[in-house]
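One letter stands for each residue in the lines below.
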Amino acid sequence: MKKLLYITSFFLLCTNCEDVIDVDLNTAEPKLVIEASINYFKNTTGSEQSIKLSLTAPFFNDSIPPANGASIQVSDSSGNTFNFIEDGDTGIYYNTNFIPVINEDYTLVINYEGEIYTATETLTSVVPINSIEQNNEGGFSGEDIELKAFYTDPAGIDNYYFFEFISDIPVVPTLAVYDDTFTDGNEIFGFYTEEDLEAGDVVIIRNYGISSQFYDFMFILLQQGGDAGGGPFETQPATIRGNCINTTNPDNFPYGYFRLSEVDEVIYTVE
């Protein structure tokens, strides 16, 4: 009985020593976040496109507030203008008559709460994915499944690639960027591995053609957000600015990027 009383007293003591700590984080005025990715999938018309606008929010918020009521236009050098219309109050704006032209320059103009945001970018082509190679003896354990998506880089041209791997496993997509500085004109590959990947899982593999500016943007972003970034509470070395600017009030700059890419997609079933 004494031993039982001692054990019970010990656990009560441990429970009473627990304190709830409220972390008081700094706050700032919300900034506009622009997710303007125009994706021209091979063998499609590319006419249906969307742009998402949201606002920054405190770290512990459960939801991301949409940016409603904006006016969005994308125009090309030939004088075509494409209006993006918001779907309800979602902050997602759609266009169904977009005309994608490889190597065409496009300009984005957003009017949000009386301030004008602009960006200019080129629709960049991409080579097709040639083949997928699967290795069932990958990783440190020798038991992980690895996938390599091979493509042939065009010789004599500076090329930049953005790979996205989306699987059935409920984790964030795997993203990676590549350039051809040391692989010009060769067959190379995008790489994907996930320790929980199993036979029968479906992996969507997308290769995007991107500009050198977007490559630099994503390279820094992925480095800061990866395992080497120090975690969510680590201070970032710098605020990453995209190609969108606020022409009305430059100090109130937005986050995000206006990107236009040709995309090659392969849907692969793990063997």
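In what follows, the structure referred to is the one given above.
A brief look at the structure comes next. Quantities reported herein were computed from a predicted structural model and do not represent experimental measurements.

A tally of helices and strands in the protein chain yields two helices and 15 strands. Counting across all 271 residues of the protein chain, residues that qualify as buried make up 37%. Surface exposure of the protein chain reaches about 16,300 Å², of which carbon and sulfur atoms provide 52%.

Glancing now at unusual backbone geometry. One non-glycine residue, N103, adopts positive backbone phi at about 70 degrees. One can find N103 in the loop between β5 (92-95) and β6 (105-112). A positive phi angle, near 50 degrees, is found at E113, a position not held by glycine. Within the element layout of this structure, E113 appears in the loop between β6 and β7 (115-122).

With that out of the way, let us pick up the nonpolar core. By size, the foremost hydrophobic cluster in this structure holds 26 residues, and its most contacted members are I34, L53, I72, L108, I110 and F258. Contributions of two or more residues to this core are made by β1 (32-41), β2 (49-55), β3 (71-76), β4 (81-86), β6, β7 and β15 (255-269). The element contributing the most residues to this core is β1, with five residues. When residues no more than four places from it in sequence are discounted, the contact partners of I72 are I51, L53, F82, N83, F84, Y93, L108, V109 and I110. I145, F163, I188 and Y268 belong to the second largest nonpolar core, which has 18 residues in total.

Bringing the packing of aromatic side chains into the picture now. By the definition in use, this model includes 16 aromatic pairs. One aromatic cluster in this structure is built from Y151, Y161, F163, F165, Y178 and Y192. Positioned above the aromatic ring of F253 is the side chain of K31, whose terminal nitrogen or guanidinium carbon lies 4.0 Å from the ring centre. The ring of F214 has R259 sitting right over it, with the charged end atom 5.4 Å from the ring centre.

Okay, the sheet that holds strand β12 (residues 187-194) next. If you trace the three strands from one edge of the open sheet to the other, you get β8-β9-β12, paired in antiparallel fashion. Strands at the two margins of the open sheet, each flanked by one partner only, are β8 (129-138) and β12. Each neighbouring strand pair of the sheet contributes to a mean axis angle of 25 degrees, computed without reference to strand direction. Pairing of β8 with strand β9 (residues 144-152) involves seven bridges; the strand directions are antiparallel. When the bridges of β9 are listed, N135 appears paired with E146.

With that settled, the discussion passes to the pattern of salt bridges. Applying the stated criterion across every chain yields a total of three salt bridges. One salt bridge in this structure joins E265 and R206, with 2.7 Å as the shortest N-O distance. Remark: R206 occurs in strand β13 (residues 202-209) and E265 occurs in strand β15; sequence separation between them is 59 residues. The exposure class assigned to E265 is partly exposed, which follows from its relative accessible area of 31%. Residues joined by salt bridges that share partners form a network here, namely E164, R206 and E265.

This part covers the pairing of β7. Along any regular strand, the residues point their side chains to alternate faces of the sheet. Alignment of β6 against β7, held across eight bridges, turns out to be antiparallel. Looking across to β7, one finds that I110 is bridged to Y117. Connecting β6 to the antiparallel partner β7 that follows it, the hairpin turn spans two residues, and E113 within it adopts a positive phi of roughly 50 degrees. One ladder, built from two bridges, connects β7 with strand β14 (residues 245-246); its direction is antiparallel. Within β14, the position partnered with Y117 by the bridge is N246.

Mapping S54 onto the fold places it in strand β2. Between the C-alpha atom of S54 and that of N68, which follows or precedes it by 14 residues, the distance is 8.1 Å. Those residues in contact with S54 that sit more than four places away from it in its chain are K31, L32, V33, E35, I64, P65, P66 and A67.

Relative to the helices and strands, I64 resides in the loop between β2 and β3. Its relative accessible area of 64% is what places I64 among the exposed residues. Sequence separation between I64 and S54 is ten residues, and the spatial gap between their C-alpha atoms is 6.9 Å.

By the criterion of burial, β13 is predominantly enclosed, with six of the eight residues buried. By the bridge criterion, seven bridges tie strand β10 (residues 160-167) to β13 in an arrangement that is antiparallel. The partner of E164 across the bridge, within β13, is R206.

Reading the values: the criteria
- Residues numbered from 1 in each chain as written.
- Predicted model: local features only at pLDDT ≥ 70, side-chain atom pairs only at ≥ 80, totals over all residues.
- Heavy atoms only, no water.
- Helix = DSSP H or I, 4+ residues; strand = E, 2+ residues; numbered from the N terminus.
- Buried < 20%, exposed > 50% of the residue type's maximum accessible area, 1.4 Å probe, protein only.
- Areas by Shrake-Rupley, 256 points an atom, 1.4 Å probe, with all protein chains shown as cover.
- Core = buried A, V, L, I, M, F, W, Y, C linked by side-chain atoms within 4.5 Å.
- Contact = heavy atoms within 4.5 Å.
- Phe/Tyr/Trp six-rings, centres within 6.5 Å; stacked < 30°, edge-to-face > 60°.
- Lys NZ or Arg CZ within 6 Å of the ring centre and 35° of its normal.
- Pairing = 2+ DSSP bridges.
- Axes fitted to C-alpha atoms, helices over the stretch in contact; angles between N-to-C directions.
- Salt bridge = Lys/Arg side-chain N within 4 Å of Asp/Glu carboxyl O.

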